[in-house]
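Survey of secondary and tertiary structure
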Amino acid sequence: GENVEQHPSTLSVQEGDSAVIKCTYSDSASNYFPWYKQELGKRPQLIIDIRSNVGEKKDQRIAVTLNKTAKHFSLHITETQPEDSAVYFCAASKSNFGNEKLTFGTGTRLTIIP
Amino acid sequence: DTAVSQTPKYLVTQMGNDKSIKCEQNLGHDTMYWYKQDSKKFLKIMFSYNNKELIINETVPNRFSPKSPDKAHLNLHINSLELGDSAVYFCASRPGSGFTGELFFGEGSRLTVL
């Protein structure tokens, strides 16, 4: 089955700096790569996603890049703010005739230092 | 007007007891999931149902029995609770089979086994 690795497990950056989180996946058939943000005590919520026919996607301060050949994708947050502090999860999924499952990475705890 | 709702939010019980967690979604989605998040924040899929039919069972002990009375509800019953079952259990839903897209999570049910 799919295996998703995520690095780093913890990341601290100064407010205003950029943060980068990286993930690799094992199943070359995976074609959907979302990123979820989980604030303390809350549920995971989708912040951005990318499909395998696209190399990069941007939404304001958040961007995701995908390298299908290398089977890795990254989350980039620019101009970080205190409210960006949370645990971030990457995930991978593929269309599988009803058997779709989202496999999550192990999470990155991002702390923004004011 | 919560999209995916779980009850109870908190559950504290003794080892050996049996407990249930209920989940309901009002999004009209066909596919529902149970995920377990342990103390290290790992999010692992347990089960998925598509239109009341069990699709994914990720080698979860048979003390865990999901039940889907209709496509809007997916309940989780756990027999003979063990200390290692302590975790946050998230219910989630997605539009349907063949669809890879956003997973909508409930608020989570924190189970503590003493």
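Check the entry above for the structure.
Here's a quick rundown of the structure.

Rules behind the numbers
Residues numbered from 1 in each chain as written. Chains lettered and ligands numbered in written order. Predicted model: local features only at pLDDT ≥ 70, side-chain atom pairs only at ≥ 80, totals over all residues. Heavy atoms only, no water. Helix = DSSP H or I, 4+ residues; strand = E, 2+ residues; numbered from the N terminus. Rg over C-alpha atoms; globule rule 2.2 N^0.38 Å. Buried < 20%, exposed > 50% of the residue type's maximum accessible area, 1.4 Å probe, protein only. Contact = heavy atoms within 4.5 Å. Areas by Shrake-Rupley, 256 points an atom, 1.4 Å probe, with all protein chains shown as cover.

1. Side note on the overall build of chain A
Per the secondary structure count, chain A includes 0 helices and 11 strands. Each helix and strand of chain A, ordered N terminal to C terminal, gives the series β-β-β-β-β-β-β-β-β-β-β. By the compact-globule yardstick of 13 Å for 114 residues, chain A fits well, its C-alpha radius of gyration being 14 Å. Dimensions along the principal axes, computed over C-alpha positions, put chain A at roughly 45 × 30 × 20 Å. For chain A, the proportion of its 114 residues judged to be buried stands at 45%. Pairs at least 24 residues apart make up 53% of the contacts formed inside chain A by residues separated by at least 6 positions. Looking at chain A as shown, the accessible area adds up to about 5600 Å², and 47% of this sits on carbon and sulfur atoms.

2. Considerations on unusual backbone geometry
The peptide bond linking A:His7 to A:Pro8 adopts the cis configuration, its omega dihedral lying at -5°. Within the secondary structure, A:Pro8 is located in the loop between β1 (4-7) and β2 (10-14). Here the bond from B:Thr7 into B:Pro8 is cis, since omega is -5°, no more than 30 degrees from zero. As for its position among the elements, B:Pro8 is in the loop between β1 (4-7) and β2 (10-13). For A:Gln60, which is not a glycine, the phi torsion comes out positive at approximately 55°. Looking at where A:Gln60 falls in the secondary structure, it is placed in the loop between β6 (56-59) and β7 (62-67). The backbone of A:Glu79 shows a phi angle near 45°, a positive value even though the residue is not glycine. Checked against the element boundaries, A:Glu79 lands in the loop between β8 (72-77) and β9 (86-92).

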